[in-house]
Amino acid sequence: LLALSQQLSIQTGVASYSVDTTQKLGINEIDVGTNTRLKVIQADDALTYGKLIYLVSGTGYTEAHAKLAGNTVHLAHGICVEPNGVAVGKKGKFLLFRGLVTGLSGFTPGNEYWLGTGGLFATSNPGGIAQQKVAIAMTSSSVELNIQWQ
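Computed from a predicted model, the values in this text were never measured in an experiment. (Residues numbered from 1 in each chain as written. Predicted model: local features only at pLDDT ≥ 70, side-chain atom pairs only at ≥ 80, totals over all residues. Heavy atoms only, no water.)

Below, the discussion takes up the pairing of strand β11 (residues 142-146). As judged from the four bridges shared by strand β7 (residues 98-101) and β11, these two strands associate in the antiparallel manner. Paired with G99 across the strands is L145, a residue of β11. Direction of pairing for strand β10 (residues 133-139) relative to β11: antiparallel, over a ladder of four bridges. Of the residues in β11, the one forming a bridge with I136 is E144. Between β10 and β11, which pair antiparallel one after the other, the connecting turn spans two residues. (Pairing = 2+ DSSP bridges. Helix = DSSP H or I, 4+ residues; strand = E, 2+ residues; numbered from the N terminus.)

As structure tokens, this is what we get:
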């Protein structure tokens, strides 16, 4: 019952928990502005806002660790949405697979974007082993993430 009330409080915006508390409780946060689910994950690389990430096995109560995607062999699973980024070994918020991401720049509305190198978006298929469409630009500063993972 306690877990249910905590989940309802977070999803309705009545209560807000820190990143550490949220992860320890196993709660997904809801971003009310975009209505997307966010996961709290530990970073294994320094990750800035808007970088595409892939997940690797974690330890302890973490389910996964985030690393930069697009180094030719790792497909993307999500994107860093922690406003100030996430330092190595720290926990932060990540949007996995689908949802609206705002606060970006340099996109052309209507264009599709691919996974590029170093967690960046690419305007065309970069070739190589990891070929993956990841988003469509909604505005010059927002994308609808739609990661297909196989």
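Before going further, it helps to spend a moment on the packing of aromatic side chains. Within the structure shown, the criterion is met by three aromatic pairs. Ring geometry for F107 against F121: centres 5.2 Å apart, planes inclined by 85°, an arrangement best described as edge-to-face. Pair noted here: F107 is in the loop between β7 and β8 (112-115) and F121 is in strand β9 (residues 121-122), with a separation of 14 residues, a long-range link. For F121, a relative accessible area of 18% puts it in the buried group. Ring centres of Y113 and F121 lie 6.4 Å apart, and the angle between their planes is 90°; this geometry places the pair in the edge-to-face category. Through pairs of rings, three or more aromatic residues link up here, namely F107, Y113 and F121. (Phe/Tyr/Trp six-rings, centres within 6.5 Å; stacked < 30°, edge-to-face > 60°. Buried < 20%, exposed > 50% of the residue type's maximum accessible area, 1.4 Å probe, protein only.)

Further remarks concern the sheet that holds β8. Backbone-to-backbone hydrogen bonds join strands into a sheet, with any given pair of strands oriented parallel or antiparallel. The five strands are arranged β7-β11-β10-β8-β9 in an open sheet whose pairing can be described as antiparallel. The sheet is open, and its two borders are formed by β7 and β9, each paired with just one other strand.

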